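Each chain is listed here by its residues.
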Amino acid sequence: MGNHPIELLMKTAMESIQQIVDVNTIIGDPVETHDGSVIIPISRVSCGFAAGGSEFTPPDDQKERGNSGGTANPLPFGGGAGAGVSVQPVGFLVVGNGTIRLLPVDSNVVIDRILDTVPDLLDKLSGMLHKKKKPSDEIILARE
């Protein structure tokens, strides 16, 4: 197939997509806050690509004029390519104070916040249940 026009068309379109979508589109540049935390934006990238073309036979009057040198003239080519890119924010990674948290952008933030606090609540409850009794409490109970 050699150097067919559709190859050049596809190559140009793919290079354009490559320039648009890079790793910084998905994982954004980190931003450091005044308290030392680092915030990293995360996005979802979707892309689609299509290309097509066709060769046309020349009209009969051009066939007779064009083939005088003994070599076949290339057929006329018509083609096109298209691409689409969609970038949707997913959330932010927050790294700081010894923790890493994902703060989502969608509407389920309340549920995610509740799930984030469950381990802390369990730790507090288990601490309350396993709390050692004070010696003064034991003495009062022994007298009664």
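Residues numbered from 1 in each chain as written. Predicted model: local features only at pLDDT ≥ 70, side-chain atom pairs only at ≥ 80, totals over all residues. Heavy atoms only, no water.

## Section: the overall build of the chain
Phase 1 of the analysis: Secondary structure assignment for the chain yields 5 helices and 4 strands.
Phase 2 of the analysis: Helices and strands in the chain line up, N terminus first, as α-α-β-β-α-β-β-α-α.
Phase 3 of the analysis: Within the chain, the fraction of its 144 residues that count as buried is 8%.
Phase 4 of the analysis: Taking contacts inside the chain between residues at least 6 apart in sequence as the whole, the part at least 24 apart equals 56%. (Helix = DSSP H or I, 4+ residues; strand = E, 2+ residues; numbered from the N terminus. Buried < 20%, exposed > 50% of the residue type's maximum accessible area, 1.4 Å probe, protein only. Contact = heavy atoms within 4.5 Å.)

## A look at unusual backbone geometry
Peptide bonds are trans in most cases, and residues, glycine excluded, mostly fall at negative phi.
Phase 1 of the analysis: In this structure, N97 is a non-glycine residue whose phi angle is positive, near 55 degrees.
Phase 2 of the analysis: Note that N97 resides in the loop between strand 3 (77–96) and strand 4 (99–104).

## Looking at the side chain of S37
Phase 1 of the analysis: Looking at where S37 falls in the secondary structure, it is placed in the loop between strand 1 (31–32) and strand 2 (38–55).
Phase 2 of the analysis: Here S37 is in contact with V31, E32, V95 and G96, once residues within four sequence places are set aside.

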